[in-house]
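Residues per chain are reported as follows:
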Amino acid sequence: MVTRINNQGVQIIMHPESELKSVQLELSSNCQAGCMECGRWKTWGDKQILNPNLKFGNEGNIKVDLIKSVFDREKLPVFNFIALDGNYGDSLIHPQSLEIMEYLFMTFGDQKSPFKKTDTSLQIEVNTNGGYHKPEYWYELGKLFKQHSILNKDYESSVVFGIDGIDNATHDKYRRNVVYDKVITNAEQFIKGGGRAEWKYLEFDHNVHQTDQAKEIAKKLGFNKFFVKRSRWVEAALREIVEKDSSATKIKGKKLGKKDNSAEYSRIPASKKEKFITQVKEQVAQFKDYYNESEISCYWRGRKRLQIEYDGTVWQCCHLSGIYGSGTGFKGNKWDKEKQNEYAYYVDTYGTEWNNLYKNSLNEILTHPYFSAIANSWNNKTTDTKEPRLKRCVEKCAFKGTRDKRERL
């Protein structure tokens, strides 16, 4: 079976692990933050509760032995990129994260390895809120990044700190329970240790006036890059047009854990909202049935990339795991029920354990018929009884939104 991927021509649908190039890896489901839109949380009535489909604490940490068995240079000869990120937790909060980072950098990422079959240096990008651990931890992490850079000529690996303001009060409005001053201290120590730091700024109405100041602070502290994240705006705009849900653009203060229950925070900054909504309107207007007629071009598959989550499950991408991972789990609201019903065919057909690395090898998972079924679904309808098209694939890989550019400082 073949398909067109990212308009780059005809390619084989699946690939063996020997051709895998990139992984988004989540080391832990744990996190000290309480960000409103994070998949760790679900809405139950008027309350925000921890996602009952997930495991936390010790059970929320991936095993080090699993990391070492999967990331084997003999099995992954052309592998060159790891993103420590995910849907639920903050990876470096894992109690053995320094040990894992040392292995990935100094063993798996060592170009002198006898199984190294590529001249491309391993690159690691860590996304974190940066508001936990002692400063000494971040200094040691910086030293690891520097050592790998010198030995393997890797000049791109970095830690991306999510910092959404320039003071504690502003930063806490979205990234709850993360103290701005602590993040800055930790980032400074990471840079002092020799690591490359980037500043990711989620822009909202309540912090847009601080964007330029944040950029100047980043430059002064020695961050290598600064960028404003806007992908959430595109998703929210798409839902507003397709689902006709105008309430999706607002977050009530009580849901943010604030004392002022009457306060509202916009998901999409007013200064940017109209531009993206106009883009979505124009695209959706081209179709009588957007979900069934639009062309799907899988961003992850075309780049031979996949997602490995904290529990050892492997997914086509991070977008499918976050919505469909539990199969028949949480049913707290209409949106969850609709998505789980949509995915029922795949759960009924393949079960829920075929993609678990604790029970199957990576190569067995990569060559499982599930992945071919998902690719087949792109040419089907959402109403088909066999291999139905998933709306999530349309929402994430049909809309051609703009991508953010990282600005060097």
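Residues numbered from 1 in each chain as written. Predicted model: local features only at pLDDT ≥ 70, side-chain atom pairs only at ≥ 80, totals over all residues. Heavy atoms only, no water.

Novice: An account of the nonpolar core is requested, with residue identities and associated values reported.
Specialist: In a soluble, globular protein the nonpolar side chains are often hidden away together inside. By size, the foremost hydrophobic cluster in this structure holds 90 residues, and its most contacted members are Leu25, Phe71, Met101, Phe161, Trp199, Ile308 and Tyr370. The element that contributes the greatest number of residues to this core is helix H2 (residues 97-108), accounting for 7 residues. In this structure, Tyr370 is in contact with Trp315, Leu320, Tyr343, Tyr346, Tyr350 and Trp354, ignoring residues within four places of it in sequence. (Core = buried A, V, L, I, M, F, W, Y, C linked by side-chain atoms within 4.5 Å. Buried < 20%, exposed > 50% of the residue type's maximum accessible area, 1.4 Å probe, protein only. Helix = DSSP H or I, 4+ residues; strand = E, 2+ residues; numbered from the N terminus. Contact = heavy atoms within 4.5 Å.)

Novice: Go over the packing of H2 against helix H3 (residues 135-152), please, and point to the residues and values.
Specialist: Contact pair H2 / H3: the axes reach a minimum separation of 10 Å and the direction vectors enclose 5 degrees. Of the possible angle classes, the one that applies to H2 and H3 is roughly parallel. Touching Ser97, Leu98, Met101, Glu102, Phe105 and Met106 of H2 are Tyr137, Glu140, Leu141, Leu144, Phe145, Gln147, His148, Leu151 and Asn152, all from H3. Among the residues making up the contact of H2 with H3, the classes are represented as 9 nonpolar, 4 polar and 2 charged. (Axes fitted to C-alpha atoms, helices over the stretch in contact; angles between N-to-C directions. Parallel < 35°, antiparallel > 145°, perpendicular 65-115°, else oblique. Nonpolar A, V, L, I, M, F, W, Y, C, P; charged D, E, K, R; others polar.)

Novice: Which residues make up the packing of aromatic side chains, and what values do they have?
Specialist: In this description, an aromatic ring pair is defined by two values, namely the gap between the centres and the angle between the planes. Evaluated as defined, the whole model comprises 24 aromatic pairs. Each ring, one from Trp199 and one from Phe226, has its centre 6.0 Å from the other, and the planes form 55 degrees; the classification is tilted. Note that Trp199 is positioned in strand S9 (residues 197-202) and Phe226 in strand S10 (residues 225-229), a separation of 27 residues in sequence. Look at Phe226 and you get buried, because its relative accessible area is 4%. Taking the centre distance of 6.1 Å and the plane angle of 80 degrees together, the rings of Tyr346 and Tyr370 count as edge-to-face. Taken as a pair, Tyr346 in helix H13 (residues 344-350) and Tyr370 in helix H15 (residues 369-377) lie far apart in primary sequence, 24 residues in all. For the pair formed by Tyr346 and Tyr370, the shared burial category is buried. (Phe/Tyr/Trp six-rings, centres within 6.5 Å; stacked < 30°, edge-to-face > 60°.)

Novice: Which residues make up the environment of Arg303, and what values go with them?
Specialist: Examined against the element boundaries, Arg303 turns out to sit in the loop between helix H10 (299-302) and strand S13 (305-308). Looking at Arg303, the relative accessible area reads 36%, which means it is partly exposed. Taking the C-alpha atoms as reference, Arg303 lies 8.7 Å from Leu20; in sequence the two are 283 residues apart.

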